[in-house]
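# Tertiary structure, described
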Amino acid sequence: IAVKHAIETLAAHKIKPWGVVLLDPRAHVEGFVKSTDPDVVYFVSSMCDPSVVKALNDSKCKVLGYHALVNAGEQGLMIPSDLPISGGSATSTRGLALFADMFGYKNFHLYGYDLCYWQKPDMALKNEDGGPKYMEISMATMGYAGKQVSRTFWTEGQFLAQKNELENLWKERKDLTITLHGEGMAAWLQKNYIALKKYQSEYNDRLNEKRRGSPTLESYVSAI
């Protein structure tokens, strides 16, 4: 399943996704569907610009609509049986909730979520609002054996927010198995989190083994 214009990158590598998820209400999303594929199912949020659905319909694409929960009074426009999808502001995290809660998928493998740059970008560049486009952040977390590890990443504010949403999902949604692939920011944090949990489990197993090997009070008294 592709998110937004990732379908173009996949097509360049001869990978055909089964579906594409669209969420953003801005008109530029229409540019994501200029090279459409009628074999692909497009999951389009009802808050997307109407031009997006028109472009897909004109290309005779398969379109399935869904409502995104954004707390902007949208429920006043829905019928009582409508089920809005929660899951975060990023299209990827909303897509996870869509397929987990509406279609019942439980195992997810995420590719291409580096959420950082491998070479230092031009840190002087600005966003449309005049703020810095890029940021350099140093992260520290606990890894195996409780050892603190750290790394520095070049990223953007939107990528950092997406990392936080993904992290909340794979930590809090115990009913889902979300595996991040790669060596980027989100995957690095998850790998160290898993390593820490593995160490804690091994430590508890060793502790329980010691407890099982200790004499009970009854056997100790009998021996005396």
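Refer to the preceding data block for the structure.
If you're wondering where the values come from, they're calculated on a predicted model, not measured in any experiment. Each residue is numbered by its place in its chain's sequence as written, counting from 1. Totals for whole chains, interfaces and linings use every residue, but because this is a predicted model, local features are given only for residues with pLDDT of at least 70 and side-chain atom pairs only at 80 or more, for both listing and counting. Side-chain measures were taken over the full set of non-hydrogen atoms in the model, leaving aside hydrogen atoms and water.

## So, the side chain of Asn192
Strands are runs of DSSP state E lasting at least 2 residues, helices are runs of H or I lasting at least 4, and numbering of each runs from the N terminus. Tracing the backbone shows Asn192 in helix α5 (residues 185-213). Nitrogen and oxygen atoms within 3.5 Å of one another constitute a polar contact, given that in protein one can donate a hydrogen and the other can accept it, and given that sequence-neighbouring residues count only through two side-chain atoms. Here Trp188 takes part through its backbone oxygen, which lies 2.9 Å from a polar atom of the side chain of Asn192. For this analysis, residues touch if any pair of their heavy atoms sits within 4.5 Å. Once residues within four sequence positions are removed from consideration, Asn192 is found in contact with Thr141, Met142, Gly143 and Val149.

## Let's talk about the sheet that holds strand β4 (residues 62-66)
On the basis of which strands lie adjacent, the open sheet formed by 4 strands has the order β1-β2-β3-β4 and parallel pairing. Of all the strands in the sheet, the pair left with one neighbour each is β1 (2-3) and β4. DSSP calls a pair of strands paired once it identifies at least 2 bridges connecting them. Alignment of strand β2 (residues 19-22) against strand β3 (residues 41-45), held across 4 bridges, turns out to be parallel. Residue pairing across strands places Leu22 opposite Val44, the latter belonging to β3. For helices, the fitted line uses only the C-alpha atoms of the stretch in contact; every axis is such a line through C-alpha atoms, and the angle between N-to-C directions lies from 0 to 180 degrees. Helix-sheet contacts for helix α2 (residues 50-58) involve β2, β3 and β4, and the interaxial angle to β3 is about 160°. Its contacts with the sheet place helix α3 (residues 91-102) against β1, β2, β3 and β4, and it is angled at close to 120° to β2.

## Focus on the pattern of salt bridges
Salt bridge, as used here: a side-chain nitrogen of Lys or Arg that lies within 4 Å of a carboxyl oxygen of Asp or Glu. In total, this model carries 13 salt bridges according to the counting rule given. Linking Lys163 and Glu167 is a salt bridge whose minimum nitrogen-to-oxygen distance equals 3.4 Å. Taken together, the positions of Lys163 and Glu167, both in helix α4 (residues 157-172) and 4 residues apart, correspond to about one turn of that helix. One exposure class covers both Lys163 and Glu167, and it is buried. In this structure, the salt-bridge partner of Asp175 is Arg173, at a minimum N-O distance of 2.8 Å. Linked through salt bridges whose partners overlap, the residues forming this network are Asp101, Lys106, Arg173 and Asp175. Burial status follows relative accessibility: with a 1.4 Å probe on protein chains alone, a residue under 20% of its type maximum counts as buried, one over 50% as exposed, and anything between as partly exposed.

## Notes on the state of the cysteines
Cysteine sulfur atoms are paired as a disulfide whenever they fall within 2.5 Å. Tallied over the entire structure, the rule returns 0 disulfides. Here Cys61 stays unpaired: no disulfide links it, and the sulfur of Cys48, its closest cysteine neighbor, is 14 Å away. For Cys61, a relative accessible area of 10% gives the class buried.

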